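Chains, contacts and geometry: an overview
The residues making up each chain are set out below.
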Amino acid sequence: GGDTNAPQAEPKKDFAEIFAAVLPIIAAAVIIAAVITVFIMFVRSVGKAEKKAFSGFRKKAPHRAVAEMYKLVMTILARCGVTPGNEMMNDFAQRTDEELLKGSNLFMTDVMPVFIKCEFGKQEFSPVTEEERQAVFAFTSALYRLYMSRLNPLSEFFVKIALFL
């Protein structure tokens, strides 16, 4: 008689079974690749939005550019805990120089008259000049760099999202 305890040959797995076992792994890999791709595209869009904003400060009409820089400057100052109180704008600029910008070679008091002119003056009577735009751009750029230099890379990324998207 034959040995009933002899090892049985394992049945061959057909393609459908193998495919069914591997499909979840393939699907997960595709999803992970898609998420990584979207994340990379998002990171790039943040960088492009930042560049576009600063490029716009140079290309737009001086009055509009200064108005947009004013908004960015005030947002950065607020994030640093410096906001206007019950005070004149020139006094706020002086306080900003003393509380936040001391020792930085940046002076809000230098550009505040241009911000005031832009925010409260009549453009047709007192237009913002190209020189004033350039001075405000230099201040805004330097303030932005100073602020970002104080952040860790992850915080910097989230701040860019908040400021430019």
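Provided above is the structure to which this section pertains.
Throughout this document, residue positions are counted from 1 along each chain, in the order its sequence is written. Predicted model: local features are reported for residues with pLDDT of at least 70 only, side-chain atom pairs are reported and counted for 80 or more only, and whole-chain, interface and lining totals are derived from all residues. Values reported for side chains reflect all heavy atoms of the structure, with hydrogen atoms and water molecules removed beforehand.

**Some details on the overall build of the protein chain**
What counts is decided by this rule: Secondary structure is summarised from DSSP: a helix means a run of H or I of at least four residues, a strand means a run of E of at least two, and numbering begins at the N terminus for each. Restricting the calculation to C-alpha atoms gives the radius of gyration, and the globule rule supplies 2.2 Å times the number of residues raised to the power 0.38.
Along the backbone of the protein chain there are six helices and zero strands. Along the chain direction, N to C, the helices and strands of the protein chain fall in the order α-α-α-α-α-α. At 29 Å, the protein chain has a C-alpha radius of gyration far larger than the 15 Å of a compact globule built from 165 residues. Taking the principal axes of the C-alpha coordinates as reference, the protein chain spans close to 115 × 35 × 25 Å.

**Section: the pattern of salt bridges**
Put simply, the rule reads: In what follows, salt bridge is the name for a side-chain nitrogen of Lys or Arg lying within 4 Å of a carboxyl oxygen of Asp or Glu. Exposed residues in this analysis have more than 50% of their type's maximum accessible area, buried residues have under 20%, and partly exposed residues fall in between, with area computed by a 1.4 Å probe over protein chains only.
Counted under the stated rule, the structure contains eight salt bridges. The salt bridge involving glutamate 68 is made with arginine 64; its shortest N-O contact spans 3.2 Å. In this pair, glutamate 68 and arginine 64 both sit in helix H2 (residues 62–79), four residues apart, roughly one turn of the helix. The class for glutamate 68 is partly exposed, based on a relative accessible area of 23%. Note that arginine 133 is salt-bridged to glutamate 130, the shortest N-O span being 3.1 Å. With arginine 133 and glutamate 130 both in helix H5 (residues 130–149) and three residues apart, this pair spans about one turn of that helix. A relative accessible area of 5% means that arginine 133 is categorised as buried. Counted as one network, the salt bridges with shared partners bring together Glu50, Glu156 and Lys160.

**Structural notes on the nonpolar core**
This is how it is decided: As used in this record, nonpolar core signifies buried Ala, Val, Leu, Ile, Met, Phe, Trp, Tyr and Cys residues forming a set joined through side-chain atoms within 4.5 Å. What makes two residues a contact is simply this: any of their non-hydrogen atoms within 4.5 Å.
Counting residues in hydrophobic clusters, the biggest one holds 38 residues, and the most contacted among them are Val66, Leu77, Met108, Phe115, Phe139, Leu143 and Phe164. Put simply, the parts of the chain that give this core at least two residues each are helix H1 (15–59), H2, helix H3 (89–99), helix H4 (108–120), H5 and helix H6 (153–164). In terms of residue count, H2 provides more of this core than any other element does, nine residues in total. Among residues more than four places away in sequence, those in contact with phenylalanine 139 are Val73, Leu101, Leu106, Phe107, Met108 and Val111.

**Points about a nonpolar patch on the surface**
The criterion, for reference: Like-charged residues within 9 Å of one another, or nonpolar side chains (Val, Leu, Ile, Met, Phe, Trp, Tyr) within 5 Å, are grouped into patches, provided each residue has over 30% relative accessible area and no salt bridge. All accessible-area figures derive from a Shrake-Rupley calculation using a 1.4 Å probe, and residue coverage is judged against the displayed protein chains alone.
A contiguous nonpolar surface patch, about 430 Å² in accessible area, is contributed by Ile18, Val22, Ile25, Ile26 and Val30. Residue placement: isoleucine 26 occurs in helix H1.

**Here's the deal with H5**
Here is the rule we go by: Expected span of a helix, by definition, is 1.5 Å for each gap between consecutive residues, and there is one gap fewer than residues.
Taking 1.5 Å of rise per residue, the 20 residues of H5 would be expected to cover 28 Å, and the 28 Å separating its terminal C-alpha atoms lies within 8% of that figure. Looking only at H5, the buried set comprises Glu132, Arg133, Val136, Phe137, Phe139, Thr140, Ser141, Ala142, Leu143, Tyr144, Tyr147 and Met148.

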